[in-house]
Amino acid sequence: MAPDNNILSGPKAARLVVFRGTLVHTRVYGHVEILHDHLLVVAEGKIAKVVPGSQEDAVLAEYGVPQGAVRRLAQGEFLMPGMIDTHVHAPQYKFAGTGTDLPLMEWLQKYTFPIESSHSDPEHSLYRYGRLVRRFLANGTTTATYFGSLHLQPNKVLVDEIVRLGQRAVVGKVNMDRESPDHYMESFEQGLKEAEEFVQYAQAKQCSRLYPCITPRFIPTCTTEMMKALAALARKYNVHVQSHISECCGEVAFVRHLHPEYATDAAVFDSVGLLDAGRKTLMAHGTLLSDDDIKFLVSKNVGVAHCPLSNFFVGDACFKVNHAMELGLKVGLGTDVAGGYSPSMLTAIRMAVINGRCLRAHKLALKVWVAGAQVREGDSFTGDFPFLVKQPMPRTNSNVQVNASAAAN
């Protein structure tokens, strides 16, 4: 059979791809740009050119590509940049969609730690992590930020699968050396040694799509010594740092119990040097961050992963996204599998919209109660509970209620 000269083949085919159709992207927050009938050229794995479709002949001549090699999108199809999930717990994928009945601290003990500890077997992890990465890629998530488990070898398996399947990822071995189950906790020495070995293993892959990450789970499960040592590792290898911050009332109260010398999670993280990585530091949730906390994180160039779906299930407040961004905070979006039941970023986007509506509804409720009473010409018996203001509330409950209320404004 004679060769089809209109089909691009050989080494050039692996290095060059040309699309023609509708492109959708957003270069400015809040503005979606739709490019109808455009040509997109991918060379050596990178976008080399985006031009109107009317320039097709000139572009094909420039790159030596026959017209038959152009991938033409059908009506109703479009190309968009791959989605970026800024917060995923890889070993929790196994129970995504279940266990949504408890607040965070109880949820960790009943569901999360037992499931994560089951990933100690590398063979078991190979099956689970292969399915995880393929599922995220199928959902359009080409980049993800992964928390691994406590175990070193299964985390290496996760790295191998990310590299093999072609995803871009920030990935870290979780560290936990206190306030954790005996079967799912490490010593300071073991945790530090394995964290460093994990970073070395990932860097040895020399994969431009892979970024190893220092990952203290969160303040309650990491001693001060561990967090300081991990911060030093991050500086030594110039790698990313990720953790959870001001996530829910139970977590915040527990941190205040463990570290009464510090007023906030942000202050604890700063004291141990974990915010010094600057633009390479990503904290998840932040629903109970105060304005002062947010401004401090901005000064450190730290970003926050907004996870609206899991906040609804295991958090205690809605994250004030627009307000935080107005203060200068960098905010990404995450599914937080399995606190969030869906691995789809489209679901995360929908939940982010609902999160915003919930904030508006909260403000509307205040107007209904308070402003409505004011309309009644000074009626002092409706709209609030003035007779309760003089009654002191228990200290712990008062702190929790104030924080949750502030986060909802």
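The structure displayed is predicted, hence computed values, not measured ones.

> How should I be thinking about the packing of helix H4 (residues 122-138) against helix H5 (residues 152-165) in this particular structure?
Geometry of a packed helix pair, given as the angle between the helix axes and the separation of the axes. Remark: H4 packs on H5, axes separated minimally by 9 Å, with the N-to-C direction vectors making an angle of 35°. Every pair of crossing elements has a handedness; the one defined by H4 and H5 is right-handed. Of the residues in H5, those in contact with Pro122, Ser125, Leu126, Tyr129, Gly130, Leu132, Val133, Arg134 and Leu137 of H4 are Gln153, Pro154, Val157, Leu158, Glu161, Ile162, Arg164 and Leu165. Class assignment of the residues belonging to the contact of H4 with H5 gives a composition of eleven nonpolar, three polar and three charged.

> So what exactly am I meant to see when it comes to the pattern of salt bridges here?
Opposite charge on two side chains lets them pair, provided their charged atoms get close. With the rule as written, the count across this model stands at 15 salt bridges. Note that Glu33 is salt-bridged to Arg27, the shortest N-O span being 3.3 Å. Owing to a relative accessible area of 22%, Glu33 belongs among the partly exposed residues under this scheme. Assessed through its relative accessible area of 65%, Arg27 is described here as exposed. A salt bridge links Glu197 to Lys156, with the shortest nitrogen-to-oxygen separation between them at 3.0 Å. Remark: Lys156 occurs in helix H5 and Glu197 occurs in helix H6 (residues 188-204); sequence separation between them is 41 residues. Through salt bridges with shared partners, one network takes in Arg20, Asp37, Glu56 and Arg72.

> Any chance you could explain the environment of Ala229 here in plain terms?
Within the secondary structure layout, Ala229 lies in helix H7 (residues 224-237). On the basis of relative accessibility, which here comes to 15%, the residue Ala229 falls in the buried class. Other than its neighbours up to four places away in sequence, Ala229 contacts Phe188 and Leu192.

> Looking at this structure, I do not really get H6. What am I missing?
In an α-helix, one turn spans 3.6 residues; hence positions three or four apart end up facing the same way. With 17 residues, H6 ought to run about 24 Å at 1.5 Å a step, and its terminal C-alpha atoms sit 24 Å apart, in line with that. Taken as a whole, H6 has its buried residues at Gly191, Glu194, Ala195, Phe198, Val199 and Ala202. The buried residues of H6 all sit within an arc of 140° when viewed along its axis, so they share a single face. Exposed and oriented more than 90 degrees from the buried face of H6 are Glu189, Lys193 and Ala204. Looking at the buried residues of H6, the elements they touch are H5, strand E8 (168-175), strand E9 (210-216) and H7.

> What is the right way to look at the side chain of Lys156 in this model?
Looking at Lys156, the relative accessible area reads 10%, which means it is buried. Not counting chain neighbours up to four residues away, the residues in contact with Lys156 comprise Glu197, Phe198 and Tyr201.

Quick notes on the rules
- Residues numbered from 1 in each chain as written.
- Predicted model: local features only at pLDDT ≥ 70, side-chain atom pairs only at ≥ 80, totals over all residues.
- Heavy atoms only, no water.
- Axes fitted to C-alpha atoms, helices over the stretch in contact; angles between N-to-C directions.
- Helix = DSSP H or I, 4+ residues; strand = E, 2+ residues; numbered from the N terminus.
- Left-handed = near helix turned anticlockwise from the far one by under 90°.
- Contact = heavy atoms within 4.5 Å.
- Nonpolar A, V, L, I, M, F, W, Y, C, P; charged D, E, K, R; others polar.
- Salt bridge = Lys/Arg side-chain N within 4 Å of Asp/Glu carboxyl O.
- Buried < 20%, exposed > 50% of the residue type's maximum accessible area, 1.4 Å probe, protein only.
- Expected span 1.5 Å × (residues − 1).
- Arc of directions from axis to C-beta.

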